[in-house]
Amino acid sequence: MKFQMPLIAVCLSIGMLSTGLHAAPQLPDASPPQLDQYLGGLSEAERIAQTAAWLQALAARPDWQRQYADWVQGLTASALKQTTTDPDHPRRTLTVIDIARLARTTQSLWKIDAQALELHRRWQQGSLDWRTLADDTAPNTRRAAVKWLCELDVETLYQVAEQWRAQQLWQLFTDNQLLALLALRTADSSLFNIVWRRPADAHSASVLQQLSAQLPADKAIPLLIDASASDILQSQAVTLLVVEHSQHPDARGFLLKGLGNERIQWHVAANLSRADQTFRMAAYQQLMSATSTEKSALRGFALQQLTREREVY
């Protein structure tokens, strides 16, 4: 299994490093004493930038942990920080780089990588206990599981998804995180439908938001239509259909029918200003041809949306 190594999210770029620095020691050839000797000859600003760069590199290479573990541990007590003035509150400072925090993050990412590798080893041996994983509430345990699933090769990923379907493993978990991730990575409509039927949470809403970016329209639209049956996900699903797919015949047909469906008609109407122009015209014609007085409030609201200039989503 090939793992893509994580990166620390820091406000740091090559351009932030001083062009006057002498050639920095290269990892993993340099020993920790060599790193410290080099850092000792730098200004504080240069020392912070170079240390942060090394920590970022180390976080991306857990195979270097053995060589640099003690050096990183020592940095967890560092007082080195780069700060800047808060533009909204000039008397307040903002921390841009905190070396101690970056060192702790590096250690955490090493642990997550090791846990992910252990999960893969157990999977290969047939000893992965999903119930134990579900009961483990440690944040890093779940992050390791997500990392493992995100970086699995396609063949193994589908084997995992098949096991989840066959054994209904989602029932072990109180949230939808791993189920939603498996559904998105495999584009499996049966797993998506389970996500929509389970109590909605931030993970089901997140995967719903990613559908259009991750899947072609002909696959995303039926899934969004199915998700609109969920009371909690309904508004989000209809909004995405209007904003991102109203030019597509399948979405257009569903949404035009939706204007006559009491469950979703107000959600459709509320997003007309962000719809495709062709759909806006079709919606206008349908609303104007409606004769029921019960639709007068909806028609008035929808026409207000249609008269607004199309918004950019």
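The shown structure was predicted, so the numbers you read here are calculated from the model rather than taken from an experiment.

Could you give an account of the pairing of strand β1 (residues 81–86), naming the residues involved and the relevant values?
Note that β1 and strand β2 (residues 89–98) share six bridges and pair antiparallel. Note that in β2 the partner of Thr85 across the bridge is Thr93.

Lay out the nonpolar core in plain terms, naming residues and giving numbers.
Counting residues in each nonpolar core, the largest one holds 64 residues, and the members touching the most others are Trp130, Trp148, Trp164, Trp196 and Leu211. The element contributing the most residues to this core is helix α8 (residues 177–186), with seven residues. Once residues lying within four places of it in the same chain are set aside, the contact partners of Trp130 are Trp148, Val160, Gln163, Trp164, Leu169, Leu172, Phe173 and Leu178.

How would you explain the packing of α8 against helix α10 (residues 202–214) if you had to name every residue and give the values?
Running from N to C, α8 and α10 cross one another at 10 degrees; their axes reach a closest spacing of 9 Å. In terms of orientation, α8 lies roughly parallel with respect to α10. Taking contact as the criterion, the partners of Gln177, Ala180 and Leu184 in α8 are, on α10, His203, Val207, Gln210, Leu211 and Gln214. By residue class, the composition of the contact of α8 with α10 is four nonpolar, four polar and no charged.

I'd like a description of the packing of aromatic side chains, backed by residues and values.
The final tally for this structure, using the stated rule, is eight aromatic pairs. Taking 6.1 Å as the distance between ring centres and 35 degrees as the angle between the ring planes, the aromatic pair formed by Trp130 and Trp148 counts as tilted. Pair noted here: Trp130 is in helix α5 (residues 130–135) and Trp148 is in helix α6 (residues 139–150), with a separation of 18 residues, a long-range link. Taken individually, Trp130 and Trp148 each receive the classification buried, so the pair is uniform in this respect.

Any details on the pattern of salt bridges? Residues and values, ideally.
Evaluated as defined, the whole model comprises 10 salt bridges. Put simply, Asp63 and Arg61 hold a salt bridge, and the shortest N to O gap is 2.5 Å. Residue classification places Asp63 among the partly exposed residues on the basis of a relative accessible area of 49%. Arg61 sits in the partly exposed class, given a relative accessible area of 33%. Notably, a salt bridge pairs Glu118 with Arg121, separated by 2.3 Å at the nearest N-O pair. Residue Glu118 and its partner Arg121 are located together in helix α4 (residues 99–125), separated by three residues, close to a single helical turn. Connected through shared salt-bridge partners, Asp113, Lys147 and Glu151 make up one network.

Give me helix α13 (residues 249–258): which residues, what numbers.
Residues three or four positions apart in an α-helix share a direction because the helix packs 3.6 residues into each turn. Residues of α13 that are buried: Ala251, Leu255, Leu256 and Gly258. Considered in projection along α13, the buried side chains sweep an arc of 150 degrees and stay on one side of the axis. Along α13, exposed side chains directed more than 90 degrees from the buried face belong to Pro249 and Lys257. In this structure, the buried side of α13 is in contact with α11 (217–227), α12 (234–245), α14 (265–270) and α15 (277–289).

Definitions and cut-offs
Residues numbered from 1 in each chain as written. Predicted model: local features only at pLDDT ≥ 70, side-chain atom pairs only at ≥ 80, totals over all residues. Heavy atoms only, no water. Pairing = 2+ DSSP bridges. Helix = DSSP H or I, 4+ residues; strand = E, 2+ residues; numbered from the N terminus. Core = buried A, V, L, I, M, F, W, Y, C linked by side-chain atoms within 4.5 Å. Buried < 20%, exposed > 50% of the residue type's maximum accessible area, 1.4 Å probe, protein only. Contact = heavy atoms within 4.5 Å. Axes fitted to C-alpha atoms, helices over the stretch in contact; angles between N-to-C directions. Parallel < 35°, antiparallel > 145°, perpendicular 65-115°, else oblique. Nonpolar A, V, L, I, M, F, W, Y, C, P; charged D, E, K, R; others polar. Phe/Tyr/Trp six-rings, centres within 6.5 Å; stacked < 30°, edge-to-face > 60°. Salt bridge = Lys/Arg side-chain N within 4 Å of Asp/Glu carboxyl O. Arc of directions from axis to C-beta.

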